[in-house]
Amino acid sequence: MSDAPGPSPDYDPDSAEPQPPGSLAALIGRILTEIDELQFESFSKDDALELGFLLVELGRQRNHPIAIDITKGEQVLFHAALEGATPDNERWIRAKQRTASRYEVPSLLVGLRARAAGRRIEDNAWFDQLEFAAHGGSFPVYLRGTGAVGTVTVSGLPQKADHELVVEALTEFLGRRGARGG
């Protein structure tokens, strides 16, 4: 008998295969927990730079062909494209970032909530797919007590992996900040 793990019971938004029962609701629940936990007390341009460099470091260590964007309001605070990223990643960044900004939740959650209701948000006539993308990879910057003030976006991996990379970086960044007492 092998000790290797079996297939993940996690919901895969890119799969056309039947999904494990309850996996969509579990993923939505996990993202809602991430929203509650990944809150900033403040978010400066220096924070954006440090968080952006952390994402670059993670991407380089793993040879990820990603583009990274951190935006606050209308201002881009950090933007980078690692080796292998393409101009298409720029379009995806903007579309996912617009979605996270408009709905003030992670872009992955927007698409998952529609699926939980038995449809795809892209099938709604009002959802302009040239402007928005309900695919994982953009996570709002939440200020505790204020709400969403910006976004951290990654493009270049499958959408769930884009989301998870952003969450990993936010978790590490906020953990470092907590360890420093600030």
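Residues numbered from 1 in each chain as written. Predicted model: local features only at pLDDT ≥ 70, side-chain atom pairs only at ≥ 80, totals over all residues. Heavy atoms only, no water.

Caption draft 1: Structural detail: the environment of Leu-108. With respect to the helices, strands and loops of the structure, Leu-108 is situated in helix H4 (residues 107–116). In the structure, Leu-108 is positioned 29 residues away from Gly-137 in sequence and 6.8 Å away in space, judged by C-alpha atoms. Apart from residues no more than four positions distant in its own chain, Leu-108 is found in contact with Pro-13, Ile-31, His-135, Gly-136, Gln-159 and His-163. (Helix = DSSP H or I, 4+ residues; strand = E, 2+ residues; numbered from the N terminus. Contact = heavy atoms within 4.5 Å.)

Caption draft 2: How the structure looks around the sheet that holds strand S5 (residues 147–155). Taken in spatial order, the five strands make up an open sheet running S1-S4-S5-S2-S3, and their pairing is mixed. One side of each edge strand has no neighbouring strand; the edge strands of this open sheet are strand S1 (39–40) and strand S3 (75–81). Bridge count for strand S2 (residues 67–72) against S5 is six bridges, and the pairing is antiparallel. Looking at S5, one finds that Lys-72 is bridged to Gly-150. (Pairing = 2+ DSSP bridges.)

Caption draft 3: Unusual backbone geometry, seen in detail. Even without a glycine there, the phi angle at Asn-63 is positive, about 55 degrees. Topologically, Asn-63 is positioned in the loop between helix H2 (45–61) and S2. Positive phi outside glycine occurs at Glu-104, with the angle close to 55 degrees. Its relative accessible area of 45% is what places Glu-104 among the partly exposed residues. (Buried < 20%, exposed > 50% of the residue type's maximum accessible area, 1.4 Å probe, protein only.)

Caption draft 4: Structural view of helix H3 (residues 87–103). Here H3 spans 25 Å end to end across 17 residues, near enough to the 24 Å set by a 1.5 Å rise per residue. Looking one or two residues beyond H3, the residue adopting positive phi is Glu-104, at roughly 55 degrees. (Expected span 1.5 Å × (residues − 1).)

Caption draft 5: Seen up close, H4. Of all ten residues in H4, seven are buried, a share of seventy percent or more. A positive backbone phi angle near 85 degrees is found at Gly-118, which sits one or two residues after H4.

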